[in-house]
Amino acid sequence: MRRIISFISAFLLCTWALQAQRIVFTPQWTPQAQFAGYYVAQEKGFYKEAGVEVDFQHPSASYSAANRLFEGSSDMITQQLVQAMIAIDRGMPMVHVLQTSQRNSLVLVSKSDSIRTIDDLRGKKVGVWKSGFGDLAYIMDTEKNLDIQWIPFLESVNLFLSGAIDATLAMSYNEYLKIRVAGHEDKPVIRFSETEYNYPEDGLYVSTDFYQRHPDKVKAFVEASRKGWEWAHEHPEETLDIVMKWAEKENVHTNRIHQQWMLEQILEIQCKDGEKKPSFQLDAAKFEGLNELLLRHHRIHYPLDMEKLKGGRP
Amino acid sequence: MKKLKQMIESSFSLRMSLYILMMAASVFILAFWGYFQQARRSVREEAMVQAQVKLDNTILQIDKVLGSVETAVQNLSWLVADKLDYPDYMYALTQQVLRSNPHVVGSAIAFEPSYYPEKGVLFSPYSYRTEDGGIRSKQLGTEDYEYHYMDWYQIPKLLGKPYWSEPYYDDGGADMIMTTFSLPLYDLDGEMYAVFTADISLEWFADKVNEIKLYPNSFNYMIGRGGTFLVSDRKEAILNESYFARPLLEGDEGMLETGHRMINGENGMSTFERDGEEYYMFFAPVKSTGWSVCVACLYSDVFAAVDGMRNMMIALSLIGLLLLAWVCYLTIRKLTAPLSRFAESATEIAQGNFMATLPDIHSKDEMKTLHQSFGYMQKSLVDYIDELKRTTASKERIESELRIARDIQMGMVPKIFPPFPERDDVDLYAKLIPAKEVGGDLYDFFIEGGKFYFIVGDVSGKGVPASLVMAVTCRLFRTVSAHFQTPAEIVTALNDALAESNESNMFCTFFIGILDLESGYLQYCNAGHNAPVILSPSGEVKFMEVEANLPLGLFGGFPYQGQECTIEKGTSIFLYTDGVTEAENVEKALYSDERLLQQLEKLQKETPNAMVDGVLVDIESHVAEAEQSDDITIMCLHYK
């Protein structure tokens, strides 16, 4: 009897230990080249080498990455900086541990040549994701008194393609590519990266709780992820293979060419203007600029501290 | 190769056959090429028509179904307005759509948010078919399915007109691609209050499109408004890939343009390449949905019949041409066979056998003529050769006689120089060069009793007659000179003797001189001869002053006048016949007296021998290539 008890307790101990080691990682969306570096790190064994066991769990329309982190079903997520700052301001307990994007990927694609500048958008119907990502565009609308009529869409670009709206917001690495490949390759486009709203986007965030309990694991995960991204920069073809493998595994309807273009765009915006290698650092000036902008437009209530955001104690 | 070339060059029939073959082949290639181009054009046009007919037919069927769905919804839409006060009645209405049209798999009437406050924010009665063939209804709008953000709701609302959605994977059920027809409904104020929809599966359309089978390897596809593949032989491309992706990636402008034509609702044709094969692509639009149906056919399939015929024609023509060449070769060889036998006969004739046998010719064509000509030639050759033999024999005899006559004539003039090696008071050199075997020129000299007799003469005419008169004159001179003392007497006697029996009226110019070797006293008489040149020791070179008188043999009894002078020691006298001064070159220019004097001036210090040879060399250089027209005689004496 004692033997059985000791066996069971040993087993429980083991499972607890294993569970403690496992990191549940959730990217913002289903597998695509936007998260290539993480899949690479997993596939090439970088996480394992670093001593972390990573479990990829993807979000759904009704259960977003942020929700998962908030409810504790994920430890690590990717988020755009603006969304992350707003969430933290509202009390989301998470810490910024890696900045992958350096440039803004938002673009405004218009239906006709008559809309070529931001001012041309005045009073127009413009598509925006129902799920978010439109904050910078709303701020721009307010700041420039554009009086844009925002039309929310779920995920397809059909609203734009059908001609029902005058312009649409799009990610340069995703919806914009879909529009181009739908026979609208020469539509006029306004890039946020070329405006004063060029703020970095994707980064890696960890729940404060996990960060405090497993600082080593977090560090190991971040290093391995970074290594994954660096590898992706050097091996785009193999990276694409890995992305496609994950897309297939998760039953994502996509195609290689789209993912290839997406990867090219993603890798490009990971480098600052004029640089050829990603820095993986959050630019302090950009952060402060965004901090001030969000505060001014009441997206956040108190200015955020960069060191605090990164988990330090000011 | 070299051997083949040699064979062609040496065989007329082979060469001729090759020419004919080449001509025939050129004509064939030209004709065939023209025909083939025309045939391909016709086939292409035929293929286009056939493809268009098939496409139109398919699209007609698709349009019919789409139209029936639109009608089903539109026909019931008035009931929605009519029963607006009974929201639950809408379930029955959606069921009615499914019942009225078997293609419809689902139907909804989606109301604007909070349209019926008692039904909550989202209210959308929806009916669908169950797996067992029944029809079931439910309310569609939930917190997780905010239908008013869906394309099928938003787009017709924003556009303000009915809309066929882009096909999508049905979330709820089996792997089914659906498209939704949405009809926005408006109240009396023009406000949209609901969207009435009907869903249909794309399966039936896909089957219709795939039914088109133009050629064994043709394949079909259908693309949506944005180029997305709706139907394709590559399953993985359906709803995942866009037609435009590859052309964009590869920068294929032609494919891009075709794509734009397709999504712009055009009918047409284009070409493209896939896996190294060329394809024709025919496309036509489904107007109501903005789809484009496309049939791709392999070039080789479209032209299979023409290409097969082409191959057969080439094979047949090759056999025909080879047969033609073979027949030509045999025929020409047969026709020209006598030619080689004629050639053999000709060779035999050339070798001297004039009676060589000629080939037998039985035809009545050019070969017969050739045979007759050969026979005639043989006969003529024999006759001619006989004649030639005779002529040659007689000519040889005459030539031999002339040779002897020449020897005799040359024997008449002294030819040993120096003639008087024992004497130191006179030296002499002379030369006679007849224009023909024998000539009419003469010279002679001798010393008799301290007097030196010398003559030079020239009989009119040339050849044998002149030579005979010359011989007579020479003999006469020797005889007469023994009986008379002075040159004039000698000349007179000679003239009389010659004139006496001169029936042929021949005459002879003549010069005689008698030099007293002791005193230098010179008597001379000229009978129509060229004046000799006298070269004094003082260096003076001039013609001697001579009476002209008449030549010998013309008038008997003519009184010839003698002349006399005394010459100093060291004087040379140069005598010659008109063959010297009248020697002609090819331009008919004469050697002339002047040139003779000039030459002699140059040569005056020379010995007689050298002087004579010097003048002869100069004459030769003047005459050059021209033939010698007259006898040449030169005598030069030097008084020492």
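As the structure is a prediction and not an experimental result, all values here were calculated from the model.

1. Describing the overall build of chain B
Within chain B, the secondary structure is distributed over 15 helices and 22 strands. Among the 640 residues that make up chain B, the fraction classed as buried is 33%. Expressed as a percentage of contacts within chain B between residues at least 6 apart in sequence, the contacts between residues at least 24 apart total 62%.

2. Some points on the interface of chain A and chain B
If you look at the interface, chain A gives 22 residues, while chain B gives 24 residues. For the side of chain A that touches chain B, the elements supplying multiple residues, two or more each, are strand E7 (149–153) and helix H7 (158–161) of chain A. Looking at the side of chain A that touches chain B residue by residue, the class counts come to eleven nonpolar, eight polar and three charged.

3. What to know about helix H9 (residues 304–350) of chain B
All names here are of chain B. Compared with the 69 Å implied by 1.5 Å per residue over 47 residues, the 66 Å span of H9 between its first and last C-alpha is a close match. At leucine 335, H9 shows its largest kink, close to 40 degrees, and the proline proline 338 lies no more than four residues downstream. Positive backbone phi, at 120 degrees, marks glycine 352, one or two positions downstream of H9.

4. Looking at the sheet that holds strand E19 (residues 541–543) of chain B
Residue and element names in this part refer to chain B. The antiparallel open sheet is built from five strands, whose spatial order is E13-E22-E21-E18-E19. A strand with exactly one partner marks an edge of an open sheet, and here the two such strands are strand E13 (426–433) and E19. For this sheet the average axis-to-axis angle between neighbouring strands, irrespective of direction, equals 15 degrees. The strands that helix H14 (residues 593–603) touches are strand E18 (533–535), E19 and strand E21 (572–576); relative to E18, the one it contacts most, it runs at about 20 degrees.

5. Considering the environment of valine 104 of chain B
Residues and elements named next belong to chain B. Note on placement: valine 104 falls in strand E1 (residues 104–111). The sequence separation of valine 104 and aspartate 199 amounts to 95 residues, and the corresponding C-alpha distance is 5.6 Å. In contact with valine 104, not counting residues within four places along its chain, are Val69, Ala72, Val97, Leu98, Ala198, Asp199 and Ile200.

6. Some remarks on the confidence of the model for chain B
Looking at chain B as a whole, the pLDDT averages 89, with 99% of positions reaching at least 70. Taken together, the chains of this predicted complex give a pTM of 0.66 and an interface ipTM of 0.85.

7. So, the sheet that holds strand E17 (residues 521–527) of chain B
Residue and element names in this part refer to chain B. The strand order E14-E15-E16-E17-E20 describes an open sheet built from five strands, whose pairing is antiparallel. Each edge of the open sheet is held by one strand with a lone partner, namely strand E14 (441–448) and strand E20 (563–566). Going from strand to strand, the sheet's axes swing by 15 degrees on average, the running direction of each strand aside. Relative to E17, strand E16 (residues 508–516) runs antiparallel, the two sharing six bridges. From the neighbouring strand, isoleucine 514 faces E17, where its bridge partner is glutamine 523.

8. Regarding the packing of helix H2 (residues 12–82) of chain B against helix H5 (residues 203–211) of chain B
Residue and element names in this part refer to chain B. Interaxial distance between H2 and H5 falls to 9 Å at its minimum, and their mutual angle equals 165 degrees. By the angle between their axes, H2 is roughly antiparallel relative to H5. Note on packing geometry: the crossing formed by H2 with H5 is right-handed. Contacts between H2 and H5 pair Thr58, Gln61, Ile62 and Val65 from the former with Trp204, Phe205, Lys208 and Val209 from the latter. Tallied by class, the residues present in the contact of H2 with H5 amount to five nonpolar, two polar and one charged.

9. Focus on the environment of phenylalanine 70 of chain A
Residues and elements named next belong to chain A. With respect to the helices and strands, the residue phenylalanine 70 is situated in helix H4 (residues 65–71). On the basis of neighbour count, phenylalanine 70 is assigned to the partly exposed category, with 17 C-beta atoms found within 10 Å. The sequence separation of phenylalanine 70 and methionine 92 amounts to 22 residues, and the corresponding C-alpha distance is 6.6 Å.

10. Overview of the packing of H9 of chain B against helix H10 (residues 366–412) of chain B
Residue and element names in this part refer to chain B. Two numbers describe how H9 lies on H10: the axes approach to 12 Å, and their chain directions differ by 5 degrees. With respect to H10, the element H9 is oriented roughly parallel. Across the interface between the two elements, Pro338, Phe342, Ser345 and Ile349 from H9 touch Met367, Leu370, Phe374, Gln378 and Leu381 from H10. Of the residues that constitute the contact of H9 with H10, the class distribution is seven nonpolar, two polar and no charged.

What counts, and where the lines are drawn
Residues numbered from 1 in each chain as written. Chains lettered and ligands numbered in written order. Predicted model: local features only at pLDDT ≥ 70, side-chain atom pairs only at ≥ 80, totals over all residues. Helix = DSSP H or I, 4+ residues; strand = E, 2+ residues; numbered from the N terminus. Buried ≥ 20, exposed ≤ 12 C-beta atoms within 10 Å, placed from the backbone. Contact = placed C-beta atoms within 7 Å. Nonpolar A, V, L, I, M, F, W, Y, C, P; charged D, E, K, R; others polar. Expected span 1.5 Å × (residues − 1). Bend = angle between axes of the 7 residues up to and from the residue. Pairing = 2+ DSSP bridges. Axes fitted to C-alpha atoms, helices over the stretch in contact; angles between N-to-C directions. pLDDT = per-residue confidence, 0-100. Parallel < 35°, antiparallel > 145°, perpendicular 65-115°, else oblique. Left-handed = near helix turned anticlockwise from the far one by under 90°.

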